[in-house]
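# Descriptive structure summary
Now for the letters of each chain:
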Amino acid sequence: MSGKTKNSVELYSRALDVIPGGVNSPVRAFRSVGGDPLFIKSGAGARLTDEDGNSYIDYCMSWGPLILGHADPDVVEAVRNTALLGTSFGAPNRMEVEIAEMVSERVPSIEKVRFVNSGTEAVMSAVRLARGYTGRDRIIKFDGCYHGHADYLLVAAGSGLATLGAPDSAGVTKNNASDTIVLPFNDPQRLEDALKKEQGMVAAIILEPVPCNYGLILPEKGYLEEARRLCDRFEVLLIFDEVITGFRLAPGGAQAYYNVLPDITTLGKIIGGGLPVGAYGAGADIMSRVAPEGAVYQAGTLSGNPLAMAAGIAALRKLDSLKAWQILRERSEKFRSYLEPVISKYEGRLLFTRLESIFTFTFTGKGRISSLEDVKEADMKLFAEFHREMLKRGVYLSPSGFEVGFLSTAHGDDDLAKTASAVEESLREIM
Ligand SMILES: *Cc1c(COP(=O)(O)O)cnc(C)c1O
């Protein structure tokens with residue numbers, strides 16, 4: 001590859017001198033798959049082009065936001081037209097109202113919504129709101145769910161039977177971790193036990209309704225319903241982190257898809273149409289606690305930024321007008337049908353998991369992934385080889401076996417067929 005990626009290699013070496021690890025977000029550095037990261041010059045539809053002019057079919061899709069593909073013409077036009085009118089005012093603008101109306105129309109549990117600049121910020125604000133609303137400090141999170149990089153969420157399960165979390169990053173204090181309880185996903189009994197033990201202490205439980213950040217972990221049948229019931233019983237708020245699943249599984253996100261309503265929802269990724277946006281929303285009563293109506297402070301210089309709102313509005317409109325979820329379902333079923341004969345040859349060694357337009361390849365003997373432990377047992381060395389072979393064949397997968405892939409409405413039949421051939425050749429090479 002190296003001759004073919006000379007410009008990326010050179011940029012990476014310059015980047016290493018001035019940016020930690022050469023990247024602005026760790027997993028981009030390709031550490032878990034080996035090799036140097038590619039520097040991307042442009043994207044169009046399902047394709048990425050790197051600084052050396054190599055073209056790839058992309059399934060990382062900026063980690064989820066690009067459900068319409070790269071540089072969707074309607075999104076780009078909205079951003080361009082808006083930019084000509086000014087890029088930020090620090091005062092209310094019409095588009096904030098329009099997109100808030102669109103979100104509350106689509107997401108069943110949301111009546112009011114506040115816009116921020118990232119998923120991390122949305123989650124931080126949602127947890128603060130839950131604590132402010134309940135007057136309690138503790139939160140419960142689940143192993144295998146990612147919620148951005150706020151201190152008290154960079155917490156891993158404690159050792160043994162201890163449920164209290166331990167810092168999962170240098171710089172996270174014990175105090176920060178000590179109000180976070182970490183439990184296994186898909187285990188309602190452990191949740192019930194913890195809520196009983198901590199009665200009156202827990203503000204909220206937070207989870208990804210479908211964990212998509214350590215492989216793809218599907219909720220067991222009835223698990224989300226049970227989490228809802230337990231939250232009601234112990235009077236604890238339920239937060240769904242729908243930063244990935246929002247507008248991805250259905251117009252109303254996972255809560256509409258599974259018909260389980262949280263108290264507070266966090267959004268990000270798709271909602272910004274590829275620009276930096278996050279949001280958190282809930283019923284009017286809970287949201288009335290947010291400043292300036294209520295006492296829970298949260299603010300942002302660039303929040304509700306016109307360019308970002310314009311991109312989000314254009315993306316949400318287009319998803320509706322395309323009936324994107326129907327298209328994505330058909331495409332992803334087709335994708336699976338192309339892959340099935342290839343993958344079935346490796347049954348017992350490779351698992352392809354898919355939910356609507358989210359998918360992952362896991363090198364494991366397991367027939368189903370339902371916990372972080374299952375993902376941890378997978379062969380990530382083999383994934384790294386697979387990733388390299390796919391890249392050689394012009395397919396860009398997310399550079400870690402712990403990350404998922406995304407289909408967009410821009411992935412055509414030809415892309416899917418080519419990808420299936422690349423999978424077949426790559427597997428033959430490495431297995
Ligand atoms: C990506 C992600 C976040 C963090 O969003 P950023 O915009 O990267 O800060 C939070 N929660 C989930 C479920 C995510 O996938």
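Residues numbered from 1 in each chain as written. Predicted model: local features only at pLDDT ≥ 70, side-chain atom pairs only at ≥ 80, totals over all residues. Heavy atoms only, no water.

Attention shifts here to the overall build of the chain. Check the secondary structure of the chain and you find 14 helices and 16 strands. Compactness check: the chain gives a C-alpha radius of gyration of 21 Å against a globular reference of 22 Å for 431 residues, within 12% of the reference. Once the C-alpha set of the chain is aligned to its principal axes, its extents read approximately 60 × 55 × 45 Å. Here the chain holds 431 residues, and the buried ones make up 54% of them. (Helix = DSSP H or I, 4+ residues; strand = E, 2+ residues; numbered from the N terminus. Rg over C-alpha atoms; globule rule 2.2 N^0.38 Å. Buried < 20%, exposed > 50% of the residue type's maximum accessible area, 1.4 Å probe, protein only.)

What follows covers the domain arrangement of the chain. For the chain, the assigned domains read domain 1 (2-71 + 323-430) and domain 2 (73-321). Taking only C-alpha atoms into account, the centre of domain 1 sits 26 Å from that of domain 2. Contacts between the two partners involve 30 residues from domain 1 and, on the opposite side, 33 residues from domain 2. Between domain 1 and domain 2 we count one salt bridge in total. The salt bridge involving Glu-220 is made with Arg-368; its shortest N-O contact spans 3.6 Å. (Domains from an automatic or database assignment. Contact = heavy atoms within 4.5 Å. Salt bridge = Lys/Arg side-chain N within 4 Å of Asp/Glu carboxyl O.)

Glancing now at helix H3 (residues 94-106). Given a rise of 1.5 Å per residue, 13 residues ought to cover 18 Å, and the 19 Å separating the end C-alpha atoms of H3 matches this to within 8%. Taken together, the buried positions of H3 are Met-95, Ile-99, Met-102, Val-103 and Arg-106. End-on, the buried residues of H3 take up no more than an arc of 95°, which puts them together on one face. Looking at H3, the residues exposed on the side facing more than 90 degrees away from the buried face are Arg-94 and Glu-105. Packed against the buried residues of H3 are helix H2 (73-83), strand E4 (112-116), strand E11 (264-267) and helix H10 (306-322). If you check the start of H3, you find a side-chain oxygen 3.0 Å away from the backbone N of Met-95, and it comes from Asn-93. (Expected span 1.5 Å × (residues − 1). Arc of directions from axis to C-beta. Polar contact = N/O pair within 3.5 Å; in protein donor to acceptor, adjacent residues only side chain to side chain.)

In this section: empty space enclosed by the protein. Rolled over the atoms, a probe sized like a water molecule indicates the empty space that remains. Under the criterion given, the structure shown has one cavity of 30 Å³ or more. In this structure, the largest cavity encloses a volume near 70 Å³. Surrounding the largest cavity, Phe-359, Thr-360, Phe-361, Phe-383, Leu-397, Ser-398, Ser-400, Glu-403, Val-404 and Gly-405 form its lining. For the lining of the largest cavity, the leading source of residues is strand E14 (residues 358-362), giving three residues. Counted by class, the lining of the largest cavity contains five nonpolar, four polar and one charged residues. (1 Å grid on protein atoms, 1.4 Å probe; cavity = no way out; pocket = protein on both sides within 12 Å on 5 of 7 lines; lining within 4 Å. Points joined across faces, edges and corners; volume = space filled by probe spheres on them. Nonpolar A, V, L, I, M, F, W, Y, C, P; charged D, E, K, R; others polar.)

Turning our attention to unusual backbone geometry. Cis geometry marks the peptide bond from Ala-291 to Pro-292; its omega dihedral reads 10°. Mapping Pro-292 onto the fold places it in the loop between helix H9 (284-287) and H10. You will see that Ala-71, though not glycine, has its phi angle at about 50°, which is positive. Mapped onto the secondary structure, Ala-71 falls in the loop between strand E3 (55-58) and H2. The exposure class of Ala-71 is partly exposed, given its relative accessible area of 47%.

Take the packing of aromatic side chains next. Scanning all chains against the criterion turns up 17 aromatic pairs. When the centroid spacing of 6.4 Å and the interplanar angle of 65° are considered together, the rings of Tyr-56 and Tyr-396 count as edge-to-face. Highlighted residues: Tyr-56 in strand E3 and Tyr-396 in strand E15 (residues 395-396), separated in sequence by 340 residues. With a relative accessible area of 2%, Tyr-56 lands in the buried category. Overall, the relative accessible area of 9% leaves Tyr-396 in the buried class. A ring pair is formed by Phe-185 and Tyr-223, whose centres lie 4.9 Å apart and whose planes are at 65°; its orientation type is edge-to-face. Residue Phe-185 is located in the loop between strand E8 (180-184) and helix H6 (188-197), and its partner Tyr-223 is located in helix H7 (residues 223-233); the two are separated by 38 residues in the primary sequence. (Phe/Tyr/Trp six-rings, centres within 6.5 Å; stacked < 30°, edge-to-face > 60°.)

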